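Observations on the model geometry
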Amino acid sequence: MLKSIYRKLAIVRELVQLRDQNRQFGHDYFLSTAIQREYYRQQLLLSPRYAHAQHLFRFEAKYFSQNGEDGIIREIFNRIGITNSFFVEFGVGEGTENNTACLLFQNWCGLWVDANPQPRKQARSFIKSGRLQFHSGIVTRDNVNEILKQMKVPSDPDLLSIDMDLNTYHIWQAMEVIRPRAVVVEYNANFPPSVEWIADYNPPQFWDHTSYFGASLKSYEILGTRLGYCLVGCDFMGVNAFFIRHDLCSGKFISPYTSEMHYEPPRFGTAGFGHVIRLA
């Protein structure tokens, strides 16, 4: 395992050297932030914290997701299996960079929900084929269950992903008509793993590009436990937290299922963007 990681580090060093050489001739073939992020990630994998073979951090891969969520989701279902190949995702943007787009190319079906009127052209073929439903509109804790029933979502979809910025916590808390096998939520990594914090519920308001959004990982851990889910990991960027239904976890993921065990700090800067601090 260590030999493999060192080999990857060597490859990253070569990419950096090639990038610098090309810059001498006015060509920049490589994105500096992407190279630096991968180099940093490979260095982290050498630390004892990530040595466990079951650590989801090790399986990150980016295809259509914003970060490495595609690889983590694939590994989760390698462990727990797939039943109905149905996903639900709240907050898909234009449909070109989210947590479930990759699954459409693996013969999954599902529902996308977003305030945008419709996804980009690339996703419309899936809608025409009947494998993807799209619901446009503002989602609140008062209408989320009605939307799920209206769109005929199975009671136990394989995957639920929620990225509703300010109100993510409140939307998951309000869901009653489905019990997914795996759940992905955006958490607020600006709060340390032991701190409970939840943004006030405000359905008409969208994210204002500050750090006032969602909830801390500890608050999600507590909510997940109450709903029957175990926190099993977070992504490298400190953006997404992954939960598995309690009855599917035994022996398949690293315990204890706590925020102290699985928290990843905010590494937004490694991607060239970040959050303006405003917590009240």
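Here's what I pulled together on the structure shown here. (Residues numbered from 1 in each chain as written. Predicted model: local features only at pLDDT ≥ 70, side-chain atom pairs only at ≥ 80, totals over all residues. Heavy atoms only, no water.)

1. Quick look at the overall build of the chain
Cut-off, in case you're wondering: For helices the rule is a DSSP run of H or I covering at least 4 residues; for strands it is a run of E covering at least 2, with both sets numbered from the N terminus onward. Whether two residues touch is decided by their heavy atoms; if any such pair falls within 4.5 Å, the residues are in contact. Only the protein chains shown count as covering a residue, and every accessible area follows the Shrake-Rupley method with a 1.4 Å probe.
Of the regular secondary structure elements, the chain holds nine helices and seven strands. If you take every contact in the chain between residues at least 6 apart in sequence, the share linking residues at least 24 apart comes to 62%. In the structure as shown, the chain presents an accessible area of about 13300 Å², 54% of it carried by carbon and sulfur atoms.

2. A closer look at unusual backbone geometry
Among all residues save glycine, negative phi is the norm, and among peptide bonds the norm is trans. In plain terms, the rule: Relative accessible area decides the class of each residue, using a 1.4 Å probe on protein chains only: under 20% of the type maximum gives buried, over 50% gives exposed, and in between gives partly exposed.
The residue after Ser-255, namely Pro-256, is reached through a cis peptide bond having omega 5°. In this structure, Pro-256 sits in the loop between strand E7 (240-245) and helix H9 (259-262). In this model, Asp-165 sits at a positive phi of 55°, which is unusual for a non-glycine residue. On the basis of relative accessible area, Asp-165 is assigned to the partly exposed category, the value being 24%.

3. Quick word on the state of the cysteines
Test applied: The disulfide criterion used throughout: a pair of cysteine sulfur atoms within 2.5 Å.
For the structure shown, the criterion picks out zero disulfides. Left without a disulfide partner, Cys-249 is nearest to the cysteine sulfur of Cys-230, which lies 3.6 Å away. Classification of Cys-249 by relative accessible area gives buried; the value is 1%.

4. Description of a nonpolar patch on the surface
Stated precisely, the cut-off is as follows: Only residues whose relative accessible area exceeds 30% and that take part in no salt bridge are eligible for patches, with like-charged residues grouped when within 9 Å of each other and nonpolar side chains (Val, Leu, Ile, Met, Phe, Trp, Tyr) grouped when within 5 Å. The rule for a salt bridge is simple: a side-chain nitrogen of Lys or Arg has to be within 4 Å of a carboxyl oxygen of Asp or Glu.
Taken together, the side chains of Tyr-63, Phe-64 and Phe-105 define a hydrophobic patch exposed on the protein surface, amounting to about 320 Å² of accessible area. Note that Phe-64 resides in the loop between helix H2 (32-44) and helix H3 (69-80).

5. Focus on empty space enclosed by the protein
Here is the rule we go by: Cavity means a closed set of points on a 1 Å grid over the protein atoms alone, one where a 1.4 Å probe fits but cannot get out, pocket means an open set with protein on both sides within 12 Å along at least 5 of 7 lines, and lining means a residue has an atom within 4 Å of a point. Grid points are joined across faces, edges and corners, and a volume is the space filled by probe spheres set on the points.
Applying the stated criterion to the full structure yields one cavity of 30 Å³ or more. Put simply, the largest cavity is a space of about 40 Å³. Lining the largest cavity are Asp-70, Ile-73, Arg-74, Asn-99, Cys-102, Leu-103 and Gln-106. For the lining of the largest cavity, the elements supplying multiple residues, two or more each, are H3 and helix H4 (101-104).

6. Some thoughts on the packing of aromatic side chains
Inclusion rule: Stacked, tilted and edge-to-face are the three classes applied to pairs of Phe, Tyr and Trp rings, where Trp contributes its six-membered ring and a pair requires centres within 6.5 Å; stacked means planes under 30 degrees apart, edge-to-face means over 60, and tilted covers the rest.
According to the stated counting rule, one finds twelve aromatic pairs in the structure shown. Put simply, the rings of Tyr-169, Trp-172, Tyr-220, Tyr-229 and Phe-243 touch in pairs and so form one group of aromatic residues.

7. What about the layout of surface pockets?
A probe matching the size of a water molecule, rolled over the atoms, marks out where space remains unfilled. The criterion, for reference: Three classes are used, and their members are as follows: Ala, Val, Leu, Ile, Met, Phe, Trp, Tyr, Cys and Pro are nonpolar, Asp, Glu, Lys and Arg are charged, and the others, Gly among them, are polar.
Estimated volume of the second largest pocket: approximately 210 Å³. Forming the boundary of the second largest pocket are twelve residues, of which Arg-37, Glu-38, Arg-41, Glu-60 and Lys-62 lie nearest the centre. Classifying every residue of the lining of the second largest pocket gives four nonpolar, three polar and five charged.

8. A short note on the sheet that holds strand E5 (residues 182-186)
As a reminder of what qualifies: Only when DSSP finds a minimum of two bridges between them are two strands counted as paired. Between the N-to-C directions of two axes lies an angle of 0 to 180 degrees, each axis being a line fitted to C-alpha atoms and, for a helix, fitted only over the stretch in contact.
If you walk across this open sheet you meet the seven strands as E3-E2-E1-E4-E5-E7-E6, and the pairing is mixed. Unpaired on one side and paired on the other, strand E3 (132-136) and strand E6 (229-234) mark the two borders of the sheet. Looking at each pair of strands side by side, their axes are set apart by 15° on average, direction ignored. In this structure, E5 lies alongside E7, joined through five bridges in antiparallel fashion. Directly across from Ala-182, in E7, lies its bridge partner Ile-244. Together, strand E4 (159-162), E5, E6 and E7 form the strand contacts of H3, whose direction differs from that of E7 by roughly 10°.

9. Observations regarding the pattern of salt bridges
For the structure shown, the criterion picks out nine salt bridges. Here Glu-75 and Arg-79 are joined by a salt bridge, their closest N and O atoms 2.8 Å apart. In this pair, Glu-75 and Arg-79 are both assigned in helix H3, four residues apart and thus about one turn of the helix distant. Ionic pairing is found between Arg-267 and Glu-264, a salt bridge with its closest N-O pair at 2.9 Å. Glu-264 matches Arg-267 in its accessibility class, with the two residues each being buried. One salt-bridge network, in which partners are shared between bridges, spans Arg-49, Glu-264 and Arg-267.

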